[in-house]
Amino acid sequence: MTENLVDIQNITFSRANRIIYDDISIQIPKGKITAIMGPSGIGKTTMLRLIGGQLIPDQGDIKFAGESIPKMSRKHLYQTRKAMSMLFQSGALFTDMSVFDNVAFALREHTPLSESVIKTLVLLKLEAVGLRGAANLMPSELSGGMARRAALARAIALDPELIMYDEPFAGQDPISMGVLVKLIKALSEALSVTSIVVTHDVSEVLDIADYVYILANKKVIGHGTAEQIKASDSKLVQQFLQGQADGPVPFHYPATDLSTQLLGDSL
Amino acid sequence: MNWVVQVGANTLDTIRSFGRAFLMLTGALIAVPQLKNIRLTLQQIYVVGVQSLLIILVSGLFIGMVMALQGYTILVGYGAEGSLGPMVALSLLRELGPVVTALLFAGRAGSALTAEIGLMKATEQLSSLEMMAVDPLRRVVAPRVWAGIISMPMLAIIFSAIGILGGHLVGVDWLGVDSGSYWSIMQATVDWNKDVVNGIIKSIVFAIVVTWIAIFKGYDAVPTSEGISQATTQTVVYSSLAVLGLDFVLTALMFGIN
Amino acid sequence: MTTRKTELMVGFFVILTISATLLLAMKVVNQGFSDNESSYTLYAKFDNIGGLKARSAVKVGGVTVGRVESIYLDPEDFNPVVVLSLSQQYNNFPDTSSVAILTSGLLGEQYIGFQPGFAFDDFVTLADGDYIQDTKSALVLEDLIGQFLFSRDSE
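Everything in this summary refers to the structure shown in the same document. (Residues numbered from 1 in each chain as written. Chains lettered and ligands numbered in written order. Predicted model: local features only at pLDDT ≥ 70, side-chain atom pairs only at ≥ 80, totals over all residues. Heavy atoms only, no water.)

Examining the pairing of strand β3 (residues 33-37) of chain A
Residue and element names in this part refer to chain A. The following threshold applies: Here the term buried applies to any residue with accessible area under 20% of the maximum for its type, exposed to any over 50%, and partly exposed to those in between, with areas from a 1.4 Å probe on protein chains only. Think of it this way: any DSSP run of H or I at least four residues long counts as a helix, any run of E at least two long counts as a strand, and we number them from the N terminus. Only strands joined by at least two bridges in the DSSP assignment are considered to pair.
Counting buried positions along β3 yields five of five residues, so the element is predominantly enclosed. Here β3 shows two buried faces, one formed by Ile 33, Ala 35 and Met 37 and the other by Thr 34 and Ile 36. Across five bridges, the pairing between β3 and strand β8 (residues 194-199) is parallel. Bridge pairing links Ala 35 to Val 197 in β8. Where β3 and strand β9 (residues 211-216) come together, four bridges link them in parallel fashion. Looking at β9, one finds that Thr 34 is bridged to Tyr 211.

Below is the structure:
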């Protein structure tokens, strides 16, 4: 519990003059599932891209296994990325390859393994997500949930130390959601990988997460274990957990007073 | 004052996108060639080259035929229908071959490249490659750039050749120009270095420009459906304008001072 | 597998390109007298070269034996000098040969008509760098019309 695989230290990040994070620190403990939650549009995906080194923070530092990601050379960064993998919201399967080739892709790119070994590995990974029978289908023939499971098989192909899930439950039916929850939990335990789950699906993630961060208004507004979060007395956290329409996060987009606008002549 | 600000902002924007385009190209092409990449390039030559072959063959044939028909009606008035051969051959080799091929290529393969790469960006496939420690510039962009640069001159040569045959079909077989004079006066007039090689050089320049624009527009597209459709249109418009403008410059350099 | 089909089609594409290039090289482009074939140079001074250009043909009885290498103006007597590049294959023309600037057809392009002279027993052949003495200038339409009118006047 004390060892952190990813250590985000006081980062500030802004895009197009809009501040997205203001002095945020997050610790991701090794071998655990950490959930990062928050309302839509606060840049949760951005956090994963920062960890993956696709974006560089304005201030602060991000350490992966003790090494600073933003300060890495390009070559070193690519080397480090082999130890992490990311499950994108859309799955991001390569549309011009079959499911099998998608999963085999990283193995073929980064390992000198023979085709027969790759076949064994790929089929095992597909078996783990229950899609061995779909190996020869093209991504366009898969349902959304299956595509995400195939992408998950691809993400674990190189046995990474860190898997980042970007909104794994968004737009899924209850059955697929249940399957994914079970898979994330099982993979985390079986492979003892570190997982980061970015989501706004509260109930699913609270079941599996060992530790939870809630982001809102450019800050971390609460963190702790699932129980600690549920028992939190922060109004903001409670509004988020219970899905109340109005509260500290206002229902209305900031605007001038209604009566002033209606009676005045400016739009 | 506002419009001055606008002009300044637009200029800076344009310069910035040129910079990004240049970085993309150098990032993609400055690399040690690998066997794997040659196979990927081959795959892309199939997509951009072979799949454009039909439209090139059909348009080349018809343009050659139309030129023979039009040229014949004018030349026959001077009793110079024997010059039909060089007229068809020179127009095709110097101008129409490279230019029309580039325009058709921009419409057929260029727009497809933009849409494909734009979609790969929108569906996070490019990001996904990056996270899998595979450089999308080398894996996705480089093979397509090479395939475009290799394919288009090949298509232009085929276009000119089929056009000359089309001219023969109409001029000789239908309108009765003497076959011997069609070929021999053509041979007496057309020069390998001056006409054929210059045409190929033009085509290579167009290939670089069109492929570059197409791939950059996809790579730089706003990753939404609106952004991609806009980028696809821009590819066709920009590369057509670039081809026609460059054609004038190249023609002036090659044939103007003589 | 799809790669096999791809390779087949790309191979077909390459073969098509090569045959198109061959068509251009064999059928479209002049190949009778190429630049790298061994050749020798002769000079001929004319009064007027008309529309003769560099790379125009040099023909003997209709057979192309060489090309015009370049044309320049003699800086001393202001007469145009035509540099002829003739194939080494035809290197025994007597020095009594003459050249004329002729036109193929009524509106065709101009070429050099090379008329080999009589070969006497002790004839001297034209060698690299020689000047051809006997030259006949191009016919200029305006001059012809002028002569015609002049001769009518004097009648």
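Thoughts on the side chain of Ser176(A)
Residue and element names in this part refer to chain A. Counted only if it meets this: Within 3.5 Å is the distance limit for a polar contact, defined as a pair of N or O atoms, with the added protein rule that one can donate a hydrogen and the other accept it, and that residues adjacent in sequence qualify only through two side-chain atoms.
When you line up the elements, Ser 176 lands in helix α6 (residues 174-191). Given a relative accessible area of 15%, Ser 176 falls into the buried group. For Ser 176, the side chain forms a polar contact with the side chain of Asp 173, separated by 2.8 Å.

Brief notes about helix α1 (residues 2-29) of chain B
Residues and elements named next belong to chain B. Our working rule: A helix is expected to reach a length of 1.5 Å times the quantity of its residues less one. Only heavy atoms matter for contacts: two residues are in contact if any of them lie within 4.5 Å across the pair.
Between the first and last C-alpha of α1 there are 41 Å, a value that for 28 residues agrees with the 40 Å anticipated at 1.5 Å per step. Taken together, the buried positions of α1 are occupied by Ala 21, Met 24, Leu 25 and Ala 28. Buried residues belonging to α1 abut α6 (136-174) and α8 (192-219).

Points about the environment of Ala89(B)
On the secondary structure map, Ala89(B) appears in helix α4 (residues 84-122). Counting along the chain gives 126 residues from Ala89(B) to Ile215(B), while the straight-line C-alpha distance between them is 33 Å. If near-sequence neighbours (up to four positions away) are discounted, Ala89(B) is found in contact with Ile164(B), Met186(B), Val190(B) and Val28(C).

A short note on the pattern of salt bridges
To be explicit about the condition: For this analysis, a salt bridge means a side-chain nitrogen from Lys or Arg found within 4 Å of a carboxyl oxygen belonging to Asp or Glu.
Summed over the entire model, instances satisfying the criterion amount to 19 salt bridges over all chains. Put simply, Arg74(A) and Asp135(B) hold a salt bridge, and the shortest N to O gap is 2.3 Å. Pair noted here: Arg74(A) is in helix α2 (residues 74-81) and Asp135(B) is in the loop between α5 (125-131) and α6, and the two residues belong to different chains. Note on Arg74(A): relative accessible area 49%, which makes it partly exposed. Residue class for Asp135(B) comes out buried when judged on its relative accessible area of 11%. In this structure, Lys185(A) engages Glu189(A) in a salt bridge whose closest nitrogen and oxygen atoms are separated by 3.7 Å. Within this pair, Lys185(A) and its partner Glu189(A) are both found in helix α6, separated by four residues, close to a single helical turn.

Things to note about the interface of chain A and chain B
So the rule is basically this: Buried area is understood as the total, over both parts, of accessible area removed when two parts are fitted together, assessed with a 1.4 Å probe. Each residue is assigned to one of three groups, with Ala, Val, Leu, Ile, Met, Phe, Trp, Tyr, Cys and Pro labelled nonpolar, Asp, Glu, Lys and Arg labelled charged, and all others, Gly among them, labelled polar.
Across the boundary between the two partners, chain A contributes 25 residues, which contact 15 residues of chain B. With both sides pooled, the region where chain A packs onto chain B buries about 1800 Å², and carbon together with sulfur makes up 53% of that total. Among the residues chain A hides against chain B, the three largest losses belong to Tyr78(A), Phe94(A) and Glu109(A). Together they make up 26% of the total. Two residues, Glu124(B) and Arg49(A), come together in a salt bridge whose shortest N-O distance is 3.7 Å. Inspection of the chain A/chain B interface yields 11 residue pairs in polar contact (both at pLDDT 80 or more). Counting residues per element, the side of chain A that touches chain B draws most heavily on helix α3 (residues 99-110) of chain A, at five residues. When its residues are assigned to classes, the side of chain A that touches chain B shows 11 nonpolar, six polar and eight charged.

Describing the arrangement of the chains
Here two pairs of chains make contact, and the pair sharing the most contacts is chains B and C. Between chain A and chain C there is no contact; the minimum C-alpha to C-alpha separation amounts to 11 Å.

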